[in-house]
Amino acid sequence: MSSHFLQGPRLDVAKFIRRGQRIQVDARGVVKLGWFKKQEVEVRDVSPGGARLSLPEGVLLPDEFELRIPHFKSPRACVKCWESGLEIGVEFKLE
């Protein structure tokens, strides 16, 4: 492998996977975990197709859940796509 290849520009794969522009926000969201159980999360950014959430330490979320944030009129069904430390990325399910 040539050193020229290693020095070339890096490809930001995430740009191609997202379905729209990511908007940075500083908001609180609520994840519904059952009939009476809810978990507060921090919403770091939102795009038309998903969001990046920051969780309190020790909190684990299921693979699918409902998220309510002030930016949306109604809750969004979410699927967890990735995890890194205390942050997770979710995709909004199309209903």
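Thresholds, definitions, all that
- Residues numbered from 1 in each chain as written.
- Predicted model: local features only at pLDDT ≥ 70, side-chain atom pairs only at ≥ 80, totals over all residues.
- Heavy atoms only, no water.
- Helix = DSSP H or I, 4+ residues; strand = E, 2+ residues; numbered from the N terminus.
- Buried < 20%, exposed > 50% of the residue type's maximum accessible area, 1.4 Å probe, protein only.
- Contact = heavy atoms within 4.5 Å.
- Areas by Shrake-Rupley, 256 points an atom, 1.4 Å probe, with all protein chains shown as cover.
- Core = buried A, V, L, I, M, F, W, Y, C linked by side-chain atoms within 4.5 Å.
- Salt bridge = Lys/Arg side-chain N within 4 Å of Asp/Glu carboxyl O.

### A short note on the overall build of the protein chain
- Each helix and strand in the protein chain was counted, giving 2 helices and 6 strands.
- With 95 residues in all, the protein chain has 31% of them scored as buried.
- Of the contacts made within the protein chain by residues no fewer than 6 positions apart, 42% connect residues no fewer than 24 positions apart.
- In the form shown here, the protein chain has an accessible surface area of approximately 7300 Å², with 53% of it arising from carbon and sulfur atoms.

### Here we look at the environment of Arg76
- Here Arg76 lies in strand β5 (residues 76–84).
- Considered as a pair, Arg76 and Glu91 are 15 residues apart in the sequence and their alpha carbons are 9.5 Å apart.
- Sequence-distant contacts of Arg76, that is, excluding residues within four places in its chain, are made with Phe65, Glu66, Leu67 and Phe92.

### Details of the side chain of Ser54
- Tracing the backbone through its elements, the reader meets Ser54 in strand β3 (residues 50–54).
- Apart from residues lying up to four places away in sequence, Ser54 is in contact with Val41, Glu42, Arg44, Leu86 and Glu87.

### Here's the deal with the nonpolar core
- Among the nonpolar cores identified, the biggest contains 19 residues, and Val46, Leu53, Phe65, Leu67, Val90 and Phe92 are the most heavily contacted of them.
- Of all the secondary structure elements, the ones that give two or more residues to this core are β1 (23–32), β2 (38–47), β3, β4 (64–68) and β6 (87–92).
- Beyond its immediate sequence surroundings of up to four residues, Leu67 is in contact with Gly29, Val30, Val31, Val41, Leu53, Pro75, Arg76, Cys78 and Phe92.

### Overview of the pattern of salt bridges
- Scanning the entire structure with this criterion turns up 9 salt bridges.
- Here Asp45 makes a salt bridge to Arg22, at a shortest N to O gap of 3.3 Å. Here Asp45, found in strand β2, pairs with Arg22, found in the loop between α2 (13–17) and β1; they are 23 residues apart in sequence, far enough to count as distant.
- Arg28 serves as the salt-bridge partner of Glu42, at 3.7 Å between the closest nitrogen and oxygen. Taken together, the residues Glu42 in strand β2 and Arg28 in strand β1 connect sequence positions 14 residues apart.
- The structure contains a network of salt bridges with shared partners spanning Arg22, Arg28, Glu40, Glu42, Arg44, Asp45, Arg52 and Glu87.

### Notes on the environment of Leu61
- Tracing the backbone shows Leu61 in the loop between β3 and β4.
- Judged by relative accessible area, Leu61 falls into the buried class, the value being 7%.
- Separated by 29 residues in the primary sequence, Leu61 and Lys32 have C-alpha atoms spaced 9.8 Å apart.
- Leave out the neighbours within four places in its chain, and Leu61 touches Val31, Leu33, Leu55, Lys80 and Ile88.

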